[in-house]
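# Structural description and commentary
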Amino acid sequence: MQNAIELAAKVGEELKSRRLLLAVAESCTGGGVCQALTEIAGSSEWFDCGFVSYSNSSKSELLSIPAALIAQHGAVSEEIAAAMSEGAIANSEAHVALSTTGIAGPGGAVPGKPVGTICFGWTVGGTTHTERKIFSGDRHSVREQTVAYALEKLLRYLEEI
């Protein structure tokens, strides 16, 4: 896996060439994706905004996710990752979005969702894609892997449109 800054630069090139704006909705990464993206000089040409919605109430307030949906599926679910990505587009000027929600650790594990469980959402070309992965390592490592993977998959989806 490439490092996040290299991936962010490639994502930026793809977005700029397509004249698309990106929004990001993050929970477990706490702004890490936005930080990687804004390391790139000129990112204001293709990066619109980021939402760090760590609490369930902020997911509802900032991203328009119904509390009932969070209660039904849990904040760490592909359903919420999809809603976060779609909510980022709905509440911004962006055309494309990605989201991260998960359990970076060391605590927070629940049955069926061990530490390292991350759910992703990518909304590209009017379609939302989701994925659930389990990363290993400490909190820093899980978050680092999550940022890189989110950008890597976004790049793949952008190359397909």
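Presented here is an overview of the structure given in this document. (Residues numbered from 1 in each chain as written. Predicted model: local features only at pLDDT ≥ 70, side-chain atom pairs only at ≥ 80, totals over all residues. Heavy atoms only, no water.)

## Some details on the sheet that holds strand E3 (residues 96-102)
- Spatially, five strands are ordered E2-E1-E3-E4-E5 in an open sheet, and the strand pairing comes out mixed. The outermost strands of the open sheet, each flanked by one partner alone, are strand E2 (47-52) and strand E5 (127-134). Ignoring which end each strand starts from, the neighbouring axes of this sheet average 10 degrees apart.
- Bridge analysis of strand E1 (residues 22-26) against E2 gives five bridges, and the strand direction is parallel. (Pairing = 2+ DSSP bridges. Helix = DSSP H or I, 4+ residues; strand = E, 2+ residues; numbered from the N terminus. Axes fitted to C-alpha atoms, helices over the stretch in contact; angles between N-to-C directions.)

## Side note on the pattern of salt bridges
- The tally for this structure, following the rule as stated, stands at four salt bridges.
- Two residues, Lys 153 and Glu 131, come together in a salt bridge whose shortest N-O distance is 2.9 Å. Separated by 22 residues along the polypeptide, Lys 153 in helix H6 (residues 139-160) and Glu 131 in strand E5 bring together distant segments of the chain. Comparing Lys 153 with Glu 131, the two get one shared label, buried.
- Glu 152 serves as the salt-bridge partner of Arg 156, at 3.1 Å between the closest nitrogen and oxygen. (Salt bridge = Lys/Arg side-chain N within 4 Å of Asp/Glu carboxyl O. Buried < 20%, exposed > 50% of the residue type's maximum accessible area, 1.4 Å probe, protein only.)

## Observations regarding unusual backbone geometry
- Cis geometry marks the peptide bond from Gly 105 to Pro 106; its omega dihedral reads 5 degrees.
- With a phi angle near 55 degrees, Arg 19 is a residue other than glycine that sits in the positive phi range.
- Locating Arg 19 in the fold gives a position in the loop between helix H1 (4-18) and E1.
- The backbone of Ser 64 shows a phi angle near 60 degrees, a positive value even though the residue is not glycine.
- Within the secondary structure layout, Ser 64 lies in the loop between helix H3 (56-63) and helix H4 (67-73).

## A closer look at the environment of Arg 18
- Topologically, Arg 18 is positioned in helix H1.
- By relative accessible area, Arg 18 is classed as partly exposed at 28%.
- Excluding its chain neighbours within four sequence positions, the residues that come into contact with Arg 18 are Leu 158, Glu 159 and Ile 161. (Contact = heavy atoms within 4.5 Å.)

## A word on the pairing of E3
- With respect to burial, E3 is a largely interior element, seven of its seven residues being buried.
- Here E3 shows two buried faces, one formed by Val 96, Leu 98, Thr 100 and Gly 102 and the other by Ala 97, Ser 99 and Thr 101.
- Where E1 meets E3, five bridges bridge the pair, whose relative direction is parallel. Note that in E3 the partner of Ala 25 across the bridge is Ser 99.
- Where E3 lies against strand E4 (residues 117-124), six bridges are found, and the strand directions are antiparallel. Considered in E4, the bridge of Thr 100 is made with Phe 120.

## A short note on the nonpolar core
- One finds Val 11, Leu 22, Leu 37, Leu 151 and Leu 154 to be the most contacted residues of the largest nonpolar core, which totals 34 residues.
- Elements with a minimum of two residues in this core: H1, E1, helix H2 (32-38), E3, E4 and H6.
- Top element by residues in this core is H6. It accounts for ten residues.
- Of all hydrophobic cores here, the second largest spans 13 residues; its members include Phe 51, Leu 63, Ile 65 and Ala 97. (Core = buried A, V, L, I, M, F, W, Y, C linked by side-chain atoms within 4.5 Å.)

## Here's the deal with the environment of Leu 7
- Positionally, Leu 7 belongs in helix H1.
- With relative accessibility at 1%, the residue Leu 7 sits in the buried group.
- Taking the C-alpha atoms as reference points, Leu 7 and Ala 88, separated by 81 residues in sequence, lie 21 Å from one another.
- What Leu 7 contacts, discounting residues up to four positions off in sequence, is Gln 2, Ala 148, Leu 151, Glu 152 and Leu 155.

Don't take any of this as a statement about function, it's just geometry.
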